[in-house]
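Descriptive structure summary
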Amino acid sequence: MSEQSESVSVPAAESSSFRDPSGYVFQRDGVLYRQVNPAGRDAYAQLMQGGLYDALTGGNLLIPHEEVATGKGTSQDAPPVLRPERIPFVSYPYEWCFRQLQEAALITLTIQREALRFGMSLKDASAYNIQFRHGSEAIHIDTLSFEPYREGSPWVAYRQFCQHFLAPLALIANAEVRLGHLLRIFLDGIPVEVAARLLPLRDRFSAALLPHIFLHSNAQQRHANDGALFQSGSSAPPLGTVSRVALLGLLDSLESGIRRLAWKPSGTEWGDYYEGGTNYVEAAFTEKKTRVAQLLREIAPAPILVLDLGSNTGVFSRIAAERGIYTVALDSDPAAVEKNFRACRSPGGTANLLPLVQDLTNPSPDLGWALSERRSLFDRCREAASHGVTAAFALALIHHLAIGNNVPLPRIAALFADLAAHWIVEWVPKEDSQVQRLLATRPDIFPDYTQAAFEGAFAAAFHIESRAAISGTQRTLYRLRRRE
Amino acid sequence: MKITSPRTLETLVVFSGVWIAASSPARAYLDPGSGSYAMQVGIAGVFGALFSLKLFWSKVKDALSLSRGKTAGKAKVRSASPAGSAVAASFSVPSSEVPASSAHERAV
C-alpha cells in the first residue's frame, strides 16, 4: 500500500454499492475508488494495522489497493479513499460454473479463518464479493467486509454463506445442474428452505447438508418470528454464545461439505462437442485456428478485451488470451464452461481467460434494486469498450442464432454492432452438416439464410475487412469493423 | 450404513445436538436471521467437539506416520487400526493447520 497525493472528491456511489454503511464504491474518470466512511474507519484501521490485510493480499485472497488523499485538505483525519486493483470484467455468481462457485466458497471460508486468526470476522459472505482476477483466480474484492471479532459471537454471515454458496452447490451437484440458474432469481442466495425442498432425500444423511441446509431450514421456520424478541429483549443477556473452537468447527464442517460436493461435466449438449467430432477434419480445424489468429493480429489497435460468444471449451478463446488479451469466453452449456475453467486452473493453464455461463438468447439482464444493482451482460460489454478497443468472436454461432432461435440476420448484426467494434465471424451455410442437423426435425422457413443476405445484413453496420474460406469446408471467416 | 463409520457418527452427533437451539442479539448491517443464529448457538458444542476430535485425530495420525517413518526400511509396519484410518481419512486434516485448497495454496 502506498499513499499518493492524488486529489479525489467524492461523487455518487456505484449503483450496487449502498448496503454497507462503512463505505461505498464510486468511479471517477473511469477509475474505481472505494470510500471508507467514518462508520467503517476503525475496522479498516484494524484490517490494515493488525496484519490481516498483508496476510490476505500476500496470499492473493483480497484485492490490493492504494490509499489516495481525499483532496479535502484534511488528509490526516479524513476517512481514506482507496483505489483497488481493477478487475477487467465483473462477473456474477449466476454466470459461474460449479467449480467457479466452489472455489469462491472455499476462499471465503479461508478468508474467514484468517480473519479470526487476526481478531476479525467477515460481516458478510456474499458471492458477489468474489471476482476472478487474471481470468480464473478467485479473489475477495470488498476491503470493508471485515469487523472486529467479539469472543462468543456467532458468525453473522452464516446464513448468507449457506444461501450464496452451499445451497446452489448442493443443488447443482446433487439435484440438477440447471438449478444453478436460481441464483439469478434469488439475488441474496437460494433460501435454505427452498434448497431443502429441492434436494434429494439422501442428502438428509450428509454430515454437512443435514445441519447447514435441512436443520437450518427448520430453525429458520421455528424462529421466523423471533425478531421482535431480539429487539425487546435487548437488555437481557445473550441466550447463547459460540466459542471460537465451535466457530472453527462450523467453518470446517462447511468446508468439508463443500469439498465433498462434486459435479462431473458430461452429458450436456456441448461439453463433449470436440471429443465427439465436429464436421471439421483436423487439417481444417488447424487452418481455422491459424486464420482466427491471423485475423486477430490484423485488428488495430490491438484490442484490450475479446469476447468469445459461443466459446464451447475455449479452444479459440485461448488464441486471444495467449496473446495477453483479457478474454471472456461465454457459452450456454455449463459443462463446456466447467471444462474450460478447469483447464484454466490446471497447471500451465491459460491466464487472462474468464469462462462464463451465458445464454445469448436470454443473456444476464439488469437486476436488483432499481434494476441497476447487477448489470446486464451487454452493459458490462459496453463499459469494457469505454476503456479501449474490444473485439469479439462469433465462430460457428450464427446458425444457432438465426436457425436455432429464428433471429433474423439484420437483428444479429445490430446486436453485434452494439457489443464490439471488431468481429471475427464464421459464416456457416445451409448446406453445412451442422445446419442440416438443426433443420432435420423442422421445416426450412429460412429462405433468407444465405451468404449474400448475411453480407448484406452486416454491411449495414460493418465494413467487411476480409473474408477467407476455410479449406475442406463450406464455411467462411469474416473480419468485420463497425462503421463509426 | 455402519454405525461406526466416522461420517455416520459425525451425522448422528450433529443431528442429536441441533435441537438445543437458542437465540442471541444481532448488531450487524446484515440480517443474520434468527433461525441461523439459533442454529449456530444450538449446535456450537457439536461443531466444537467434532473439530477438537479432528485435531486430535490429525495429531494421532501425525504421530503414527512419524513412528512409521522411523521404522521404515527395517520392517514391514502394520497399518493403524481400520477404524482409526477410516476416521483419519474421512475427516480432512483441519484446514486451519494444513491448507489444501487452491486458495489455500495461494495463501501465505
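Residues numbered from 1 in each chain as written. Chains lettered and ligands numbered in written order. Predicted model: local features only at pLDDT ≥ 70, side-chain atom pairs only at ≥ 80, totals over all residues. Heavy atoms only, no water.

**A short note on the overall build of chain A**
Check the secondary structure of chain A and you find 17 helices and 16 strands. Evaluated residue by residue, chain A yields a buried proportion of 57% over its 484 residues. Considering only residue pairs separated by 6 or more positions, chain A has 71% of its internal contacts joining residues 24 or more positions apart. (Helix = DSSP H or I, 4+ residues; strand = E, 2+ residues; numbered from the N terminus. Buried < 20%, exposed > 50% of the residue type's maximum accessible area, 1.4 Å probe, protein only. Contact = heavy atoms within 4.5 Å.)

**Details of the packing of aromatic side chains**
Residues and elements named next belong to chain A. According to the stated counting rule, one finds 18 aromatic pairs over all chains in the structure shown. Both rings, one in Y92 and one in Y94, keep their centres 5.6 Å apart while their planes meet at 40°; by these two values the pair is tilted. We classify Y92 as buried; its relative accessible area is 5%. Overall, Y94 belongs to the buried group, its relative accessible area being 5%. A connected cluster of aromatic rings, assembled from ring pairs, spans F416, W423, W427, Y449, F454, F458, F462 and Y478. One cation-aromatic arrangement involves R374 over Y128; the distance from NZ or CZ to the ring centre is 3.9 Å. (Phe/Tyr/Trp six-rings, centres within 6.5 Å; stacked < 30°, edge-to-face > 60°. Lys NZ or Arg CZ within 6 Å of the ring centre and 35° of its normal.)

**Some details on the pattern of salt bridges**
Residues and elements named next belong to chain A. Following the criterion strictly, the structure yields 31 salt bridges over all chains and no others. The residue E383 makes a salt bridge to R375 at a minimum N-O spacing of 2.7 Å. Taken together, the shared-partner salt bridges in this structure form one network comprising R86, R375, D379 and E383. (Salt bridge = Lys/Arg side-chain N within 4 Å of Asp/Glu carboxyl O.)

**Here's the deal with the side chain of S145 of chain A**
All names here are of chain A. Along the polypeptide, S145 turns up in the loop between β8 (137-140) and β9 (146-148). The class for S145 is buried, based on a relative accessible area of 0%. Polar side-chain contacts of S145 include one of 2.7 Å to the side chain of D124. S145 has contacts with S121, L122, K123, D124, N129 and H140, leaving out every residue within four places of it along the chain. (Polar contact = N/O pair within 3.5 Å; in protein donor to acceptor, adjacent residues only side chain to side chain.)

**Focus: helix α7 (residues 209-222) of chain A**
Since the α-helix packs 3.6 residues into each turn, any two residues three or four apart lie on the same face. Residues and elements named next belong to chain A. Between its first and last C-alpha atoms α7 spans 18 Å; for 14 residues at 1.5 Å apiece the expected length is 20 Å, and the two agree. Of all the bends found along α7, the most pronounced is centred on H216 and spans about 35°. Taking burial as the measure, the 14 residues of α7 include 11 buried ones, the bulk of the element. Among all positions of α7, only L209, L210, P211, H212, I213, F214, L215, H216, S217, A219 and Q220 are buried. (Expected span 1.5 Å × (residues − 1). Bend = angle between axes of the 7 residues up to and from the residue.)

**With respect to the confidence of the model for chain A**
Residues and elements named next belong to chain A. Put simply, chain A has an average pLDDT of 90, and 90% of its residues get 70 or more. Here residues 1-6 is modelled with pLDDT under 50, and outside its nearest four sequence neighbours on either side it reaches 17 contacts, counting other chains as well. Contacts of residues 231-237 to residues separated by more than four positions or lying in other chains number zero contacts, the stretch itself having pLDDT below 50. (pLDDT = per-residue confidence, 0-100.)

**Some details on the packing of helix α3 (residues 98-117) of chain A against helix α12 (residues 334-345) of chain A**
All names here are of chain A. With their axes 8 Å apart at the nearest point, α3 and α12 run at an angle of 50° to one another. One way to sum up the angle between α3 and α12 is to call them oblique. Contacts between α3 and α12 involve F98, R99, Q100 and E103 from the former and V337, E338, F341, R342 and R345 from the latter. When the residues that make up the contact of α3 with α12 are grouped by side-chain class, the tally is three nonpolar, one polar and five charged. (Axes fitted to C-alpha atoms, helices over the stretch in contact; angles between N-to-C directions. Parallel < 35°, antiparallel > 145°, perpendicular 65-115°, else oblique. Nonpolar A, V, L, I, M, F, W, Y, C, P; charged D, E, K, R; others polar.)

**Concerning the packing of α3 of chain A against helix α4 (residues 158-174) of chain A**
All names here are of chain A. It is the contact of α3 with α4, at a shortest axis distance of 10 Å, that shows an interaxial angle of 145°. By crossing handedness, the relation of α3 to α4 is classed as left-handed. Contacts between α3 and α4 pair F98, L101, Q102, A104, A105, T108 and L109 from the former with F161, H164, F165, P168, L169, I172 and A173 from the latter. Residues that form the contact of α3 with α4 fall into these classes: 11 nonpolar, three polar and no charged. (Left-handed = near helix turned anticlockwise from the far one by under 90°.)

**Quick word on the side chain of R34 of chain A**
Residue and element names in this part refer to chain A. Tracing the backbone shows R34 in strand β3 (residues 31-36). The class of R34 is buried, set by a relative accessible area of 10%. Apart from the residues lying within four places of it in its own chain, the contact partners of R34 are Y24, V25, P80, V81, L82, P84, I141, D142, T143 and L144.

**Quick word on the sheet that holds strand β12 (residues 353-357) of chain A**
Backbone-to-backbone hydrogen bonds pair the strands of a sheet. The strands run either parallel or antiparallel. All names here are of chain A. Strand order in this open sheet of seven strands is β12-β11-β10-β13-β14-β16-β15, and the pairing throughout is mixed. Edge positions in the sheet fall to β12 and β15 (462-469), since each has one partner strand and no second. The mean angle between the axes of side-by-side strands here comes to 20°, regardless of whether they run parallel or antiparallel. As paired elements, strand β13 (residues 390-394) and strand β14 (residues 422-427) share four bridges and run parallel to each other. Within the sheet, the bridge partner assigned to F393 lies in β14 and is I424. Of the strands in this sheet, β11 (326-331) and β12 are in contact with α12, which crosses β12 at around 160°. (Pairing = 2+ DSSP bridges.)

**Quick word on empty space enclosed by the protein**
Residues and elements named next belong to chain A. Enumeration according to the criterion identifies six cavities of 30 Å³ or more in this entry. In this model, the largest cavity occupies a volume close to 150 Å³. In terms of lining, the largest cavity is formed by 17 residues, of which the most central are W96, I172, V177, G180 and V357. Considering only residue class, the lining of the largest cavity consists of 12 nonpolar, two polar and three charged. No fewer than three residues from each of domain 2 (93-260) and domain 3 (282-482) sit in the lining of the largest cavity. (1 Å grid on protein atoms, 1.4 Å probe; cavity = no way out; pocket = protein on both sides within 12 Å on 5 of 7 lines; lining within 4 Å. Points joined across faces, edges and corners; volume = space filled by probe spheres on them. Domains from an automatic or database assignment.)

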